[in-house]
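# Coordinate analysis (summary)
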Amino acid sequence: MKPSDPEILNRFMLKLEKSFGDRGGVGCKDLIDPTILSPDPLVSELVFSMLVWESSIGHAINAVDAIRDGLVDLNELRVCAPQELMSILPSRYPRSLERCQRLVSVLNAIYNLQNELSLSHLREMNKKDVVAYFRKIDGLPPFVSARVILLGLGWHAFPLDDWLTKQLTREDITDGSLDIHDQILRMERLVKASDSLGFYTLLEHWATDQRAAKLTSKSSTKSAVKTSAKLKGSS
């Protein structure tokens, strides 16, 4: 008999706990000084999450350094042309142009709604209204809004992007036939509210290892191909 979804999930969580349980948090405030980005912790989490989306925590940390060195503040960032911002971010950044287009669009949408780059008003709203607010912001990925809700506001959410979903599908955790919105809703139903922060944290650490292993495998394959070509050329 095939195990139920909750059973598969619990086994996977236990496996991650053994491997990554001693690692720290994955929120903006856990990894960098959030005031580098903004005096508003929620804006900092949103921008950092935009840099993590379809990428990695390591990429995001490097991008924050580049933004700090290349721009005065987020107000300067939001008036950048996406191509200009793309030139500031580290080279070979995943989905670089799309990310820059989305980030500029999202920050301008927030500014137009609030007349400032601030999300502090979200703390006075309930979760339903916060979700509705985020849905009004064109270009904001569900992964990012879920991270802000979970890591910034401390409410139940489960951030997923396409890359994480593909990795979890291989573990029989997610359903590859669902779109990203339905994937997130499904995980929010499967994961208890009290477990969501802990599981998502473990998942990000696991994903970091998965990405590193993938890069190592690609590097090894390229090296083997080059070696083979040299051997053929000398024979």
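What counts, and where the lines are drawn
- Residues numbered from 1 in each chain as written.
- Predicted model: local features only at pLDDT ≥ 70, side-chain atom pairs only at ≥ 80, totals over all residues.
- Heavy atoms only, no water.
- pLDDT = per-residue confidence, 0-100.
- Contact = heavy atoms within 4.5 Å.
- Helix = DSSP H or I, 4+ residues; strand = E, 2+ residues; numbered from the N terminus.
- Axes fitted to C-alpha atoms, helices over the stretch in contact; angles between N-to-C directions.
- Parallel < 35°, antiparallel > 145°, perpendicular 65-115°, else oblique.
- Nonpolar A, V, L, I, M, F, W, Y, C, P; charged D, E, K, R; others polar.
- Phe/Tyr/Trp six-rings, centres within 6.5 Å; stacked < 30°, edge-to-face > 60°.
- Buried < 20%, exposed > 50% of the residue type's maximum accessible area, 1.4 Å probe, protein only.
- Lys NZ or Arg CZ within 6 Å of the ring centre and 35° of its normal.

### Regarding the confidence of the model for the protein chain
The share of residues in the protein chain with pLDDT of 70 or more is 90%, and the mean pLDDT across the chain is 91. This stretch, residues 227-231, has a pLDDT under 50; its non-local contacts, to residues over four places away or in other chains, come to zero contacts.

### Concerning unusual backbone geometry
The general pattern is negative phi for most residues beyond glycine and trans for most peptide bonds. Here the phi dihedral of Arg 95 falls at roughly 50°; this positive angle occurs in a residue that is not glycine. Within the secondary structure layout, Arg 95 lies in the loop between helix H6 (82-88) and helix H7 (96-114). A positive phi is found at Asp 172, a non-glycine position, where the angle reads about 65°. Considering the arrangement of structural elements, one finds Asp 172 in the loop between helix H10 (162-170) and helix H11 (180-190).

### Some details on the packing of helix H1 (residues 5-20) against H11
H11 packs onto H1 with a crossing angle of 80° between their chain directions and a minimal axis gap of 11 Å. Regarding the angle of H1 to H11, the classification is roughly perpendicular. Packed against H1, whose contacting residues are Asp 5, Pro 6 and Leu 9, the element H11 presents Arg 186, Met 187 and Leu 190 at the interface. The class makeup of the residues in the contact of H1 with H11 is four nonpolar, no polar and two charged.

### Quick look at the packing of aromatic side chains
With the rule as written, the count across this model stands at five aromatic pairs. Seen in terms of ring centroids, Phe 158 and Tyr 200 are 6.2 Å apart; in terms of plane orientation they differ by 85°. Their pairing is edge-to-face. Taken together, the residues Phe 158 in the loop between helix H9 (142-152) and H10 and Tyr 200 in helix H12 (residues 193-234) connect sequence positions 42 residues apart. Classification of Phe 158 by relative accessible area gives buried; the value is 0%. Counting every residue linked through ring pairs, the aromatic cluster contains Phe 12, Phe 158, Phe 199, Tyr 200 and Trp 206. The ring centre of Trp 163 lies 4.0 Å from the NZ or CZ of Arg 211, which sits over that ring.

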